[in-house]
Amino acid sequence: MAVLSSGMHSILVDLYKIKNRHSGLGEFSYRFHQYLQQQATEDLEFTFLTPRKDGVKPQPGFKYRHVSLQKRYVPSWSATYDLWHSLQQFPSHKPNGKTPWLLTVHDLNFLSEKNQSKAQGYLKQLQKNVNRAQYLSTISHYTAEQMAKHLDLKGKKPVIIPNGVYLEEYPDTGVPPYVSGSPYFFSIGIFSAKKNFKVLLPLLNYFPDHKLVLAGNHETSYGREIVAAIRDWKLEERVILPGRVDNREKYALYKNCRAFLFPSLAEGFGLPVIEAMMAGAPVFLSTEASLPEVGGKLAYYWPELTPEAMAGVLEKNLAEFESNTLQHRKNLQQYAARFSWSSCINDYCTLYRNILKQEA
């Protein structure tokens, strides 16, 4: 392997998805770049691959290069590194044949989100990437199990490194005006069928004094379904769709909600679950995908997603939570602290060094 004259090893980290901060992969890429700068890496020299319009502020001690159409379609023209790390499973740019490749797989949600033909197309492409990559990592045991079930891993064992989670805190944050004076439930995410937000609407029949806030981009086909359902059920005054919210508003919504509700059907990890816990909010989840793994014993779970059953779980466990709110909040925040970005980046740097030893 090529070692720099300074004794450092060269690693390229693909940050291309950083261009969309409102997506999970965009946020992951942004925080990865931010916290990697804080890690002591005297033996590692990083180059970041970024989009041309990315909002990434170059930092001293790191190298940056923009994506290009030529190197996208002719990877052999890319420079050689000691390691190339793609932060997600469908990268537009890939290393040349001389550079070892670490591929991070977040989820196989396309298997449930896409029709059969498209899902098989995505699976075929992911299999090609898995075949080409020498090393694999993933963000949860659930995703690792899905990979083993649906892919031929060629004997490669994915290293599991849970996501880092960051929630910026703001002092003296009051509730947004649209929920002022009312208790409310909260959820957040891009509106897609897998988020399953629609099952939350009937819960308002059991909590007549509550509102429901569903934040995130609802300018989607599923978002239009939700808007139509709200109208049909005459819930316009009780279901709030604020759209994308900034960090301050998001923190306020987590901090002041009566509960965070997340009935998702497909998650590789589920960042909002830990964000809500960081804010001390009681968390109610489906039992699907990675959510039991991420939520652990401190989350509450809906064994079935019917209105009556969900309402019963809410009523029972909110009463238990609110019987000792301060202690429960403390427990949630202590648990959520395990998912720090510092720990995540430290684990990735350990993985880098282990790979480099194998490649030596």
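Residues numbered from 1 in each chain as written. Predicted model: local features only at pLDDT ≥ 70, side-chain atom pairs only at ≥ 80, totals over all residues. Heavy atoms only, no water.

1. Points about the pattern of salt bridges
Once the charged atoms of two side chains with opposite charge are near each other, the side chains can pair.
In step 1: Using the criterion set out here, one finds nine salt bridges in the structure.
In step 2: Across the pair Glu113 and Lys194 runs a salt bridge, and its minimum N-O distance is 3.4 Å. Of this pair, Glu113 sits in helix α3 (residues 110–113) while Lys194 sits in the loop between β8 (184–188) and β9 (211–215); the two residues are 81 residues apart in sequence, bridging distant segments of the chain.
In step 3: Residue classification places Glu113 among the partly exposed residues on the basis of a relative accessible area of 39%. (Salt bridge = Lys/Arg side-chain N within 4 Å of Asp/Glu carboxyl O. Helix = DSSP H or I, 4+ residues; strand = E, 2+ residues; numbered from the N terminus. Buried < 20%, exposed > 50% of the residue type's maximum accessible area, 1.4 Å probe, protein only.)

2. What about the side chain of Arg238?
In step 1: Looking at the element boundaries, Arg238 is found in the loop between α6 (221–232) and β10 (239–243).
In step 2: Here Arg238 is buried and forms no salt bridge, its nearest opposite-charge partner Asp209 lying at an N-O distance of 6.1 Å.
In step 3: Discounting chain neighbours no more than four positions away, the residues touching Arg238 are Leu204, Phe207, Pro208, Asp209, His210, Lys211 and Leu212. (Lys, Arg positive; Asp, Glu negative; His and termini not counted. Contact = heavy atoms within 4.5 Å.)

3. Focus on the environment of Ala259
In step 1: Of note, Ala259 is situated in strand β11 (residues 259–262).
In step 2: Given a relative accessible area of 0%, Ala259 falls into the buried group.
In step 3: Along the primary structure Ala259 and Ala276 are separated by 17 residues, whereas in three dimensions their C-alpha atoms are 8.8 Å apart.
In step 4: Among residues more than four places away in sequence, those in contact with Ala259 are Tyr184, Phe185, Phe186, Pro282, Phe284, Leu314 and Leu318.

4. As for the side chain of Gln89
In step 1: By secondary structure assignment, the location of Gln89 is in the loop between β4 (83–86) and β5 (101–105).
In step 2: When its relative accessible area of 4% is taken as the criterion, Gln89 is described as buried.
In step 3: Of note is the side chain of Gln89, whose polar atom sits 3.0 Å from the backbone nitrogen of His106.
In step 4: A polar atom in the side chain of Gln89 sits 2.6 Å from the backbone oxygen of Asp107.
In step 5: Apart from the residues lying within four places of it in its own chain, the contact partners of Gln89 are Leu103, Thr104, Val105, His106, Asp107, Leu126 and Asn129. (Polar contact = N/O pair within 3.5 Å; in protein donor to acceptor, adjacent residues only side chain to side chain.)

5. Brief notes about the state of the cysteines
In step 1: Tallied over the full model, the rule gives zero disulfides.
In step 2: This cysteine, Cys344, is not joined by any disulfide, and Cys349 carries the nearest cysteine sulfur, 9.7 Å off.
In step 3: Of the residues examined, Cys344 reaches a relative accessible area of 2% and is grouped as buried. (Disulfide = S-S within 2.5 Å.)

6. A look at unusual backbone geometry
In step 1: Even without being a glycine, Lys154 presents a positive backbone phi close to 55 degrees.
In step 2: Along the polypeptide, Lys154 turns up in the loop between α5 (141–150) and β7 (159–160).
In step 3: Positioned with a positive phi, Asn196 is a non-glycine residue whose angle comes to about 65 degrees.

7. Points about the packing of helix α1 (residues 24–36) against helix α12 (residues 341–359)
In step 1: For the pair α1 and α12, the least separation of the axes is 10 Å and the interaxial angle reads 80 degrees. Looking at the two axes, α1 sits roughly perpendicular to α12. Contacts between α1 and α12 pair Phe28, Arg31, Phe32, Tyr35 and Leu36 from the former with Trp341, Ser342, Ile345, Tyr348, Cys349 and Tyr352 from the latter.
In step 2: Split by residue class, the contact of α1 with α12 holds nine nonpolar, one polar and one charged. (Axes fitted to C-alpha atoms, helices over the stretch in contact; angles between N-to-C directions. Parallel < 35°, antiparallel > 145°, perpendicular 65-115°, else oblique. Nonpolar A, V, L, I, M, F, W, Y, C, P; charged D, E, K, R; others polar.)

8. Details of the sheet that holds strand β12 (residues 283–286)
The strands that make up a sheet pair up through hydrogen bonds in the backbone, lying either parallel or antiparallel.
In step 1: If you trace the six strands from one edge of the open sheet to the other, you get β10-β9-β8-β11-β12-β13, paired in parallel fashion. Of all the strands in the sheet, the pair left with one neighbour each is β10 and β13 (300–302). Across the sheet, the mean angle separating the axes of adjacent strands is 25 degrees when strand polarity is ignored.
In step 2: Bridge count for β8 against β11 is two bridges, and the pairing is parallel. What sits directly across from Phe186, in β11, is Phe260. (Pairing = 2+ DSSP bridges.)

9. Focus on the pairing of strand β6 (residues 135–138)
In step 1: Along β6, one buried face is formed by Tyr135 and Ser137 and the opposite face, lined by Leu136 and Thr138, is buried too.
In step 2: With four bridges connecting them, β5 and β6 associate as parallel partners. The partner of Val105 across the bridge, within β6, is Thr138.
In step 3: The pairing of β6 with β7 spans two bridges and is parallel. By the bridge assignment, Ser137 is partnered in β7 with Val159.

10. Topic: the nonpolar core
In step 1: Counting residues in each nonpolar core, the largest one holds 64 residues, and the members touching the most others are Phe186, Leu200, Leu261, Ile274, Met277, Phe284 and Leu314.
In step 2: Sequence-distant contacts of Leu200, defined by excluding residues within four places in its chain, comprise Ser187, Leu212, Leu214, Leu261, Pro263, Trp302 and Met310.
In step 3: Formed by 27 residues, the second largest nonpolar core is a distinct cluster that contains Leu15, Ile161, Trp341 and Cys349. (Core = buried A, V, L, I, M, F, W, Y, C linked by side-chain atoms within 4.5 Å.)

11. Here's the deal with the packing of aromatic side chains
In step 1: Enumeration over the complete set of coordinates arrives at 26 aromatic pairs.
In step 2: A ring pair is formed by Phe32 and Trp341, whose centres lie 6.4 Å apart and whose planes are at 85 degrees; its orientation type is edge-to-face. Of this pair, Phe32 sits in helix α1 while Trp341 sits in helix α12, placing them 309 residues apart in sequence. In this pair, the class of Phe32 matches that of Trp341, namely buried.
In step 3: Judged by centre distance (6.2 Å) and plane angle (15 degrees), the rings of Tyr35 and Trp341 are stacked. With Tyr35 in helix α1 and Trp341 in helix α12, this residue pair connects regions lying 306 residues apart in the sequence. (Phe/Tyr/Trp six-rings, centres within 6.5 Å; stacked < 30°, edge-to-face > 60°.)

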